[in-house]
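Single-letter residue listing:
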Amino acid sequence: MSRVYMKGNEAIVEGALRAGLEGFFGYPITPSSEIIEGLAERFFADRERERRGEKPMYPKFRVFLQMESELASINAVMGGASVGCRVMTASSSPGISLKQEGISYIAACELPCVIINIMRGGPGLGSIQPEQGDYFQAVKGGGHGDYKLIVFAPNSVQEMAEHTMLLFNLTDKYRTPGMLLADGYLGQMKESMEFPDVPIEEYEKPWAATGMGDRETQNTIEFLFLTPEPMVEAKTRLLQKYKQIEANEVRYEDYKIDDAKILVTAFGTPSRVAKAAVDQAREKGVKVGLIRPITLWPFPYQVYADLTTHQIDRVLVVEMSFGQFVEDVRLGVEGRAEVKLYARYGGIVPTEKEILEKIMELV
Amino acid sequence: MRVSALIPKYPEPETYMGHTHYCPGCGHATLHKLLGEVVDELGIRKRVIMIEPVGCSVLALKYLKFDGIQGPHGRAPAIATAVKRLRPESIVITYQGDGDLAAIGTNEIIHAANRGELFTVVFVNNAVYGMTGGQMAPTTLLGQKSTTTPTGRFAEFCGYPLRVCELLNTLDAPVYLERVSLFDVEHILKTRAALKKALLNQIEGRGFSLVEVLSNCPTNWKMTPEESWEFVKNEMTKVFPLGVFRDK
Ligand SMILES: Cc1ncc(C[n+]2csc(CCOP(=O)(O)OP(=O)(O)O)c2C)c(N)n1
Ligand code: SF4
Ligand SMILES: [Mg+2]
């Protein structure tokens, strides 16, 4: 397949359409707006084609709607998922906060859908510069109650497309919502990429509330209990599903770790800078490697545990927040190695030179 | 001639399952039965997807036999929007209380109505938050007591009762807005006719329809069912006049 040059947010648009997106519901917010705009452009171009009697380019993509808020958007996503369609919403940090109630309901009702968060600076209105401060919100809950989202953390434009496509398959497979968590830099950055070959996996959805039709029994999408026993049962089923995802779906990238004594770890944009810093440190003779989690939930705790059991005794965590991801790294390391944090917050991407300095401090 | 031959034979209800959990005399029960009857009459049960509210009728799908979705408080119109657009062959209904539709979900209902979404709204105005134990609703009358207006609702503290039909009637898109009630047989039959019309509007692809039903809450109003219907008839209709606001 040929290479193309595009922006991260556009790659998400293309990835979603290749994955068979049927409905998109969103509300504009920087730095994610190219997603809603890109989908609007393609959707209305198709309506024009139909008006001219031509075939649409994206026949599956039947509904695009700019809603009145992120609340309405996520609830429309709940509706679309409830009737068995592939649906998506995209926003950035403050908008994702507003969606949390709906995300909790969607997880409870075991509905598949894809939620894109192109993170900006927070808390509050914050800034439109990139940060990674929504890590906890994405991987530890965010909304109320016990639930999990499958969270992918791309670090290239190509992965913006690839992870979006993977998320559609995995969320259908497990009947659970998923989130693509990327910082604003990845959304805005342009680079050369190639569309990965991620075939659409079709899953039957006999549970969908499509109208009873030939069915004798009702399909109701709900999660409400009047007594504890049935709730215990339903939540246990949820928990078992989450355990299955933890067992099967952990993804990470390792780089030069075979003989490494020092480990650098980061996700998203800082992981690219960290990789370059690892190369520079190697040139100086430092035995250093990199672990980059690709899924933030399920988190690759085991690889940190394995590497720090005999091989590595110093770990440098680089992230663009006060330090949230570092807590999961520490859970993996469990005290077997010294864990140092290099936190750059407020919208500044750490530089190669800075990370190299931090590595050299550990030597 | 046997007496039974003189009794007209009504078809067995298919949608309404014959029971509810509501307090004795509650309008939700009557309205469920009416909605079930109308759905049966129109022969659309197998196409219906109903979005339940959060409120006393949160379990409506246990009493009405069709598919449905239980969403967050007030968000039914956003859910219904996606359901109808993605499954245009289905008949989509939201059933919402006054807290659900006129307080927490005001934004969603206004925008769905303004877009002219092709679904049917059954809006139950009982001037109170029934489910949570009788707090003030946006529709609570001036002077009316509730657990959060223990000395009665005063406009200077809590504003005025919100008139949903009148508010939505300022929009271009809705095709049908009517306020009905359940306080006597005549009005129950009018409610039935309004529900039918609202659903026909959807079946025939005409546009957004909303039926506001003035109902009661004897439990939280601390009245007998009879007193509560007198209150609806004599007090509520003064603030919320019955009638057709839009029919195009
Ligand atoms: C987000 C959220 N806020 C508050 C509640 C609590 N709550 C449940 S029902 C309800 C009010 C219901 O009143 P109404 O819509 O008038 O329905 P009724 O019970 O009177 O039929 C409230 C406040 C909730 N479930 N979710
Ligand atoms: S609390 Fe009020 S609205 Fe709820 S079931 Fe009882 S009477 Fe009906
Ligand atoms: Mg009420």
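Overview of the structure. (Residues numbered from 1 in each chain as written. Chains lettered and ligands numbered in written order. Predicted model: local features only at pLDDT ≥ 70, side-chain atom pairs only at ≥ 80, totals over all residues. Heavy atoms only, no water.)

1. Considering the packing of aromatic side chains
Geometry of an aromatic ring pair is reported as the spacing of the ring centres plus the angle between the planes. Residues and elements named next belong to chain A. The full count for this structure, using the stated rule, is 19 aromatic pairs over all chains. Taking the centre distance of 5.4 Å and the plane angle of 75° together, the rings of Phe43 and Phe61 count as edge-to-face. In this pair, Phe43 is assigned in helix H2 (residues 33-51) and Phe61 in the loop between H2 and strand S3 (63-66), connecting sequence segments 18 residues apart. Between Phe44 and Phe64 the ring centres are 5.9 Å apart and the planes differ by 80°, which places this aromatic pair in the edge-to-face class. A residue pair is termed long-range when its members are at least 10 positions apart, and Phe44 in helix H2 and Phe64 in strand S3 qualify at 20 residues. Taking the relative accessible area as the measure of exposure, Phe44 reaches 47% and is therefore partly exposed. Look at Phe64 and you get buried, because its relative accessible area is 8%. Three or more aromatic residues joined by ring pairs form one cluster here, namely Tyr135, Phe136, Phe267, Phe299, Tyr301, Tyr304 and Phe325. The ring of Trp207 has Arg175 sitting right over it, with the charged end atom 4.2 Å from the ring centre. (Phe/Tyr/Trp six-rings, centres within 6.5 Å; stacked < 30°, edge-to-face > 60°. Helix = DSSP H or I, 4+ residues; strand = E, 2+ residues; numbered from the N terminus. Buried < 20%, exposed > 50% of the residue type's maximum accessible area, 1.4 Å probe, protein only. Lys NZ or Arg CZ within 6 Å of the ring centre and 35° of its normal.)

2. A word on the site of ligand 2
All names here are of chain B. Residues in close proximity to ligand 2 include Tyr22, Cys23, Cys26, His28, Cys56, Asn126, Gly130, Cys217, Pro218, Thr219 and Asn220, which together make up its full environment. Top element by residues in the shell around ligand 2 is helix H8 (residues 218-221). It accounts for three residues. Taken together, the residues of the shell around ligand 2 break down into six nonpolar, five polar and no charged. (Near = heavy atom within 4 Å. Nonpolar A, V, L, I, M, F, W, Y, C, P; charged D, E, K, R; others polar.)

3. Remarks on the sheet that holds strand S10 (residues 252-255) of chain A
All names here are of chain A. The strand order S10-S12-S11-S14-S15 describes an open sheet built from five strands, whose pairing is mixed. Of all strands in the sheet, those bounded by a partner on one side alone are S10 and strand S15 (338-343). Each adjacent strand pair in this sheet contributes to an overall mean axis angle of 20°, direction not counted. The pairing of strand S11 (residues 262-265) with strand S12 (residues 288-293) spans four bridges and is parallel. Paired with Thr265 across the bridge in S12 is Ile291. (Pairing = 2+ DSSP bridges. Axes fitted to C-alpha atoms, helices over the stretch in contact; angles between N-to-C directions.)

4. Some details on the coordination of the magnesium ion (ligand 3)
Tetrahedral coordination by four donors places them ideally at 109.5 degrees to one another around the metal; octahedral coordination by six donors ideally gives 90 or 180 degrees. Residue and element names in this part refer to chain B. Surrounding the magnesium ion (ligand 3) are the protein donor atoms Asp98 (OD), Asn126 (OD1) and Val128 (O), at 2.0 to 2.2 Å. Positions of the donor residues of the magnesium ion (ligand 3) along the chain correspond to the pattern D-x27-N-x1-V. Of the two residues, Asp98 is situated in helix H3 (residues 98-104) and Val128 in the loop between strand S4 (120-125) and helix H5 (155-158); the sequence distance between them amounts to 30 residues. No difference in accessibility class separates Asp98 from Val128, as the two residues are buried. (Donors = N, O, S within 2.8 Å, 3.2 Å for Na, K, Ca; no water.)

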